[in-house]
Amino acid sequence: MNSSSSLLFRRAASRCHPSSLQRSQRRWAQVHDVRFFALHPPLNDKIQERYRDKLRQKAREKGVDDVEELKQVYQERISQLRKESLVPGLNAPLTEQHQPPPTPQNASASIPYQPPPPPQPLVDPAIQKVTKSESPVKTLASFIDVEKTAQLPHKEIETIWRLRHVRDPQSLCAAMQADTFKRIFQTAKKHPQFILPLPRPEQGAEIHFLQWTFPTETTATVLFTHLAEFKMRGEYAQPHTTITHHLDLLDSKGLVLLEGRVQENRGISVDEGKFLLMNLQKFYGFEAISAVAKESKEKRGKLMEQFSGGDETFNVEELLEEAEKVP
């Protein structure tokens, strides 16, 4: 072997030397001082050592030989205390362990008693509540089942409609013939705003402002507000009485259903709200047959024309006179 080959052999041997392999290895084992464990026994051993004499005395009282047998005697009690001391997130997992469903044999003992549901009240399906729509305007379907109600005769429809509102002492409801409403509707289109008097025994008369709105194709609403409040707040004035005419049965049954409410603590009683509603029909939908009635209708129409046109000759005294006439 020449000198060059021997040199290459020594270099290769030095690369494969065990000492170089040992230097490249990494050790992940954790080293502990044995003396620490010898001088510091586990916590359970400390507790047992501290109370060993008491545990032995307790074992003798229970008639067992040693502490291990005493543990067996109190095993159930120890398990119960451990379960009660569990705190999720501290010494127990956050997720609860799902218990298996009870078997048919122990179902009656594991499931608490649940009383049966109350019986369904016997209510006419025509007056059952229907799911409210997302629209802020209450349609007729918000009160009754329109399709089922349309199959009933007029008298039954009126009875159902009144029963639907009988529980609310502040409500106003009525059923109107189609011809009467058509006259009111035509007048409301011409005169969407007007004023009506409300007689007061000791104060003369109180004037109220009314305004018609037509929020949907099947509803026509009239709002009553104190005239003094309307003058002060304008469109922000709060109405004390609201009446809505539902036209869903106008063509099929020739009937219009009215519903409304008099707000509490607004200075207007339900009877006074009815009086305003009666005067509304007197001015907007009165059907004149006799000569005297035709004359009254002309005067009322003239007053409405003057009010809508802003005529300065509009006379409140004449308005009071026409409102007090019967009809």
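In the block above lies the structure referred to throughout.
These lines cover the structure that appears in this document, whether it is placed above or below. The structure displayed is predicted, hence computed values, not measured ones.

Definitions and limits used
- Residues numbered from 1 in each chain as written.
- Predicted model: local features only at pLDDT ≥ 70, side-chain atom pairs only at ≥ 80, totals over all residues.
- Heavy atoms only, no water.
- Buried < 20%, exposed > 50% of the residue type's maximum accessible area, 1.4 Å probe, protein only.
- Helix = DSSP H or I, 4+ residues; strand = E, 2+ residues; numbered from the N terminus.
- Pairing = 2+ DSSP bridges.
- Phe/Tyr/Trp six-rings, centres within 6.5 Å; stacked < 30°, edge-to-face > 60°.
- Lys NZ or Arg CZ within 6 Å of the ring centre and 35° of its normal.
- Axes fitted to C-alpha atoms, helices over the stretch in contact; angles between N-to-C directions.
- Contact = heavy atoms within 4.5 Å.

### Examining the pairing of strand E4 (residues 219-226)
Line of reasoning, step 1. Most of E4 is tucked away: seven of the eight residues are buried.
Line of reasoning, step 2. The hairpin formed by strand E3 (residues 204-216) and E4 contains two residues between the paired strands.

### A short note on the pairing of strand E6 (residues 255-262)
Line of reasoning, step 1. By the criterion of burial, E6 is predominantly enclosed, with seven of the eight residues buried.
Line of reasoning, step 2. When strand E5 (residues 241-246) meets E6, the two strands line up antiparallel, connected through six bridges. Bridge pairing in E6 links Thr242 to Arg261.

### Considering the packing of aromatic side chains
Line of reasoning, step 1. All told, the structure shown has nine aromatic pairs when counted by the stated rule.
Line of reasoning, step 2. Ring centres of Phe181 and Phe185 lie 5.9 Å apart, and the angle between their planes is 35 degrees; on these two criteria the pair is classed as tilted. Placement of both Phe181 and Phe185 in helix H11 (residues 178-190) is noted, with a separation of four residues, approximately one turn of the helix.
Line of reasoning, step 3. On the basis of relative accessibility, which here comes to 29%, the residue Phe185 falls in the partly exposed class.
Line of reasoning, step 4. Ring-pair connections join several aromatic residues into one group, and the members of that group are Phe181, Phe185, Trp212, Phe214 and Tyr284.
Line of reasoning, step 5. Positioned over the ring face of Phe214 is Lys189, at 4.1 Å from the centre of the ring.
Line of reasoning, step 6. Above the ring of Phe283, the side-chain terminus of Arg300 is found at 5.9 Å from the ring centroid.

### Some details on the sheet that holds strand E1 (residues 171-177)
Line of reasoning, step 1. One open sheet accounts for six strands, arranged E1-E6-E5-E4-E3-E2; its pairing is antiparallel. Looking at which strands have only one partner, the edges of the open sheet turn out to be E1 and strand E2 (193-200). Along the sheet, successive strands turn relative to each other by an average axial angle of 20 degrees, direction set aside.
Line of reasoning, step 2. As judged from the seven bridges shared by E3 and E4, these two strands associate in the antiparallel manner. What sits directly across from Gln211, in E4, is Leu223.
Line of reasoning, step 3. Contacts from helix H15 (residues 291-309) reach E2 and E3, with the element oriented near 120 degrees to E2.

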